[in-house]
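# Remarks on the overall topology
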Amino acid sequence: MMRLWINGLQMVELIVSSWVHLLYGFYIFSTAVAYDLSQGFCEYLRPRSNLEVREVMKSRDDLPPIVLVHGIFGFGQGRLGGLSYFAGAEKKDERVLVPDLGSLTSIYDRARELFYYLKGGQVDYGEEHSNACGHSQFGRIYEQGNYPEWDEDHPIHFVGHSAGAQVVRVLQQMLHDKAFKGHEDTNENWVLSITALSGAFNGTTRTYMDGMQPVDGRTVKPISLLQLCRLGVIMYDWFDISWLKTYYNFGFDHFNMSWRKAGIRGLVDTLFGNSGPFATGDWILPDLTIQGSMRLNYHLQTFPNTYYFSYATKRTTKILGVTVPSGLTGVHPMLFIRVLQMSIWRHPPDVPPPYKGYRDEHWWDNDGALNTVSMTHPRLPIEHPHRFVANDSECHPLQPGIWYYKIIKGDHILFIVNRERAGVQFDLIYDSIFERCRKHVFRKRPQMLPNEAHQQQSELQQTGE
């Protein structure tokens, strides 16, 4: 009887979670459509002018780009109309890139895509990996890279949200390993700094609640939120509605799941788990389990010439020794149930723990998507050099090769999509990130911002006079 009662509660929770996530996705999509329609209407009413004004800033080319890398279910510039995943933070600096990577593709595939987005050329996922995972070796073509001069003398700042932080770490390791055919001159110093916003470094217990099997961190439970997600993604890609995929794409085009290529038989094979990304495990959720993150981290290094900073988010507190959500109004409705569930998570007693020394209470503090302990710095299976900071001023001057981390109050999506939710905290976080990139992180000499360059040039002219 008790078992039936528990199963009933789990089914109710699954239905509620499914509807909450579906409604939130519809809200985001409809917001993007409404924005596009309003912008189109304004353009139609705007008086036409033959005069084209272009503002050229030469000093802009002297600054290394800041690349914002989105997380799971995210999107880059050009997707979802004029909607910004980073809530407009890219407008805070003159040289910011926001790549559009697969929203559900594996960390490995996304890292490969990010390289070619910046450098240019056709995405090459690697022959061995592609054969093992059952997809095409080559993907999207970038006729012109967004930063083709990228090399050790022209390094890049990366800012990754959620899984985007781990994508950048994998990319840096690939650069070190010279893993890109035709680009044998790469090395880890192509990356000047990595900043993580709620970075998914060590996995999350939420993956098990959503449907990943705790026993292996690879397979999906037959009845779960992720199973529904899997079915929805397969049908979305199979129908392959061009205008819809232009608006939003899960990133599985290289698996050729479209009805044009797979047909009915291919659809059936994918639905029954005989082919596709969910059959081979080449999608992002296995990478976000604790076991999957450990498999990735085993090959990833923290490099001595790169600067690292991490913002870990937390939406829990302790009352009489019990971990509970910190307030009702501060947590996004989509995340509240998960904050509560993650704060009381218990690893199944009949399943071996994911690592030696594992304790449930270490993973109770969370932001509704990731555990706070996972976001501070890479710690599994080997802990990397790190230092906690309460205020940004405590880490100046910054030292490379160390993960500086700060714990801030907020849920997992506080600093993305909806700027108004974070309020002034939004500006404080992103202003500190961009200021650090421009003023405190450099290898040869301090960088000069455009207004500073103009001021110095004026002073030199006055001295000459």
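For the structure itself, consult the block above.
Presented here is an overview of the structure given in this document. Nothing here was measured: the structure is a model prediction, and the numbers come from that model. (Residues numbered from 1 in each chain as written. Predicted model: local features only at pLDDT ≥ 70, side-chain atom pairs only at ≥ 80, totals over all residues. Heavy atoms only, no water.)

## Things to note about the layout of surface pockets
What the largest pocket holds in volume is close to 1,400 Å³. For the largest pocket, the lining is made up of 41 residues, of which H21, G25, F73, Y248 and F250 are closest to its centre. Taken together, the elements giving at least two residues each to the lining of the largest pocket come down to α1 (2–45), α5 (206–210), α6 (225–239), α10 (284–288) and α12 (333–342). Ranked by residue count, the leading element in the lining of the largest pocket is α1, at nine residues. Classifying every residue of the lining of the largest pocket gives 29 nonpolar, 10 polar and two charged. (1 Å grid on protein atoms, 1.4 Å probe; cavity = no way out; pocket = protein on both sides within 12 Å on 5 of 7 lines; lining within 4 Å. Points joined across faces, edges and corners; volume = space filled by probe spheres on them. Helix = DSSP H or I, 4+ residues; strand = E, 2+ residues; numbered from the N terminus. Nonpolar A, V, L, I, M, F, W, Y, C, P; charged D, E, K, R; others polar.)

## Regarding the packing of aromatic side chains
For the structure on display, the rule yields 24 aromatic pairs. Geometrically, the ring pair formed by F309 and Y311 is tilted, given 5.1 Å between the ring centres and 50° between the ring planes. By the burial criterion, F309 is buried, and Y311 matches it. Feature note: the residues F115, Y116, W150, F158, F180 and W190 constitute an aromatic cluster, connected by ring pairs. (Phe/Tyr/Trp six-rings, centres within 6.5 Å; stacked < 30°, edge-to-face > 60°. Buried < 20%, exposed > 50% of the residue type's maximum accessible area, 1.4 Å probe, protein only.)

## A closer look at the side chain of N189
With respect to the helices and strands, the residue N189 is situated in the loop between α4 (163–176) and β6 (191–197). A polar side-chain atom of N189 sits 3.4 Å from a polar atom in the side chain of N305. (Polar contact = N/O pair within 3.5 Å; in protein donor to acceptor, adjacent residues only side chain to side chain.)

## Re the pairing of β6
Of all seven residues in β6, seven are buried; the element is thus mostly enclosed. As for the winding sense of the linkage, the β-α-β connection from strand β5 (residues 156–161) through α4 to β6 is right-handed. Bridge count between β6 and strand β7 (residues 307–314): five bridges; the pairing is parallel. In the sheet register, L197 faces β7, and the bridge partner there is Y311. (Right-handed = clockwise from strand over helix to strand, strands pointing away. Pairing = 2+ DSSP bridges.)

## Examining the nonpolar core
The nonpolar side chains of a soluble globular protein tend to be buried with one another. Membership of the largest hydrophobic core comes to 112 residues, with the highest contact counts inside it found for L114, L118, W150, F158 and Y430. By residue number, the principal contributor to this core is α4, which donates eight residues. Every residue in contact with F158, bar those within four places of it in the chain, is listed here: V67, V69, L114, L118, W150, V168, L171, V191, S193, I194 and T195. (Core = buried A, V, L, I, M, F, W, Y, C linked by side-chain atoms within 4.5 Å. Contact = heavy atoms within 4.5 Å.)

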